[in-house]
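Analysis of the macromolecular model
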Amino acid sequence: GKGEYDHFMLKEIHEQPTSLAQAIEGRIDPENGRIALEDFGPGTFAGVSNVQLVACGTSYHAALYGALTLNQAGVRATALLANEYGVAAPPIDDGTLVIAVTQSGETADTLRALRRAKTNGAETVTVTNVVGSTAAREADETLFIRAGPEIGVAATKTFSSQAVMLTLLAQRIAADRRGEPPADLDSLLPDLAAMPDEIEAVLESSDAAAIASRYRSSRSYFFIGRGLAYPVALEGALKFKEITYEHAEGFAAGELKHGPLALVTPETPVFAVFTGQEDEKTLHNAEEAQTRGAPLVAVCPDGHPACEIADAHLEIPETDPTLAGLLANVQLQLVSYHAAELLDRPIDKPRNLAKSVTVE
Ligand code: M6R
């Protein structure tokens, strides 16, 4: 049941310290800078030259997160919407690895993309939460995110675990290709091990409820971020629209000035996510919105330059830029939840949506 929580969504948001700890348990060794993904022996990914990640919805945002971490680790990777894959699949060659990212393992669009990839000769991996799911059975290899059952239609804890598992997989693929561990694991793994506690700190001190209340009855809600904060901005907006029924959009911070800025008014709060990747540019983009009257909500560590100009602040602990977006995402999950609660929406079962979409 929901226990002390009013909704499964809130319960699942609060489960993230535990679900993430379960995901990484036995898989990382911060002292020796090693990653062990139990099903994959050393050198499994030595022959991978390029990666295509296929997924839908929130899982697509995790896939995008994974593609960016792969690119940053020096591995060619693209995230693709599974429902676009039928008409827009990039070519598959000997070194292509296709990763299907799907919480349920039953999403029809994603299964179709996975099957197409197999038919075309790609090596396939599924990253999923559900043991025995169709995607788990059909892929060559499966990596379970171990998040535990997710009841709320809005995906929350599974996004965090997907993004973390893809980050680990990215490091493994990069290491196998090079024949040696990536140099930056020394800082990433201890920060990853600290994530459960840091998420707990965010949950305990979040001002999301006050901010949701302060900006209720706005016309539209915008979320911006750069680099790994971009998928987080997309996810923040998807969650917001899905459970509040209010209009929300996520943009790459640098894209605002290429069109969306025309929508910005004092009635469109802008949530800017800062993860330490060219933050000064994102701050400049956010200021451009603020100059047009938009309230600016900065999601960043305390003492960050964005705090000096922001109208409101959602604090996240300092961490590796590869992980900071996941802490920011927890803040945005809470904002959406509280905004939906103020509007008295059926949070766990939003209209027109299903937990698992089994039709194309
Ligand atoms: O089970 P999957 O991860 O394949 O589901 C894909 C999407 O339908 C899903 O992520 C959806 O976008 C979320 N429930 C939204 O919160």
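Residues numbered from 1 in each chain as written. Predicted model: local features only at pLDDT ≥ 70, side-chain atom pairs only at ≥ 80, totals over all residues. Heavy atoms only, no water.

The name given to the chain in an unreviewed UniProt entry is Glutamine--fructose-6-phosphate aminotransferase [isomerizing], and the organism recorded there is Natronococcus occultus SP4. Looking at the Subunit (unreviewed entry) heading of the UniProt record, one finds this comment for the chain: "Homodimer." (UniProt positions renumbered as here; feature names shortened; annotations may be inferred.)

Time to look at the environment of Lys 257. Among the secondary structure elements, Lys 257 is positioned in the loop between β9 (248-252) and β10 (270-273). Contact partners of Lys 257, with chain neighbours within four places excluded, come to Asn 285 and Glu 288. A distance of 2.7 Å separates the side chain of Lys 257 from the backbone oxygen of Gly 254, its partner in a polar contact. (Helix = DSSP H or I, 4+ residues; strand = E, 2+ residues; numbered from the N terminus. Contact = heavy atoms within 4.5 Å. Polar contact = N/O pair within 3.5 Å; in protein donor to acceptor, adjacent residues only side chain to side chain.)

Across soluble globular proteins, nonpolar side chains show a tendency to be buried alongside one another. One finds Val 51, Leu 53, Ile 99, Leu 169 and Ile 173 to be the most contacted residues of the largest nonpolar core, which totals 88 residues. Ranked by the residues each element gives to this core, the list is headed by helix α13 (residues 321-342), at 12 residues. Once residues within four sequence positions are removed from consideration, Ile 99 is found in contact with Val 51, Gln 52, Leu 53, Val 54, Val 125, Val 127, Leu 166, Leu 169 and Ile 173. Formed by 19 residues, the second largest nonpolar core is a distinct cluster that contains Ala 253, Leu 261, Val 270 and Ala 294. (Core = buried A, V, L, I, M, F, W, Y, C linked by side-chain atoms within 4.5 Å. Buried < 20%, exposed > 50% of the residue type's maximum accessible area, 1.4 Å probe, protein only.)

Take the sheet that holds strand β8 (residues 221-225) next. In space, the five strands of this open sheet follow the order β9-β8-β10-β11-β12, with parallel pairing throughout. The open sheet is flanked by β9 and β12 (312-315), the only strands paired with a single partner. Each strand axis lies, on average, 20° off the axis of its neighbour in the sheet, ignoring direction. In the sheet, β10 pairs with strand β11 (residues 296-300) via four bridges, with the strands oriented parallel. Its bridge partner being in β11, Ala 272 is matched across the sheet by Ala 298. Across the sheet, helix α11 (residues 279-291) lies against β8, β10 and β11, angled at about 175° from β10, the strand it touches most. (Pairing = 2+ DSSP bridges. Axes fitted to C-alpha atoms, helices over the stretch in contact; angles between N-to-C directions.)

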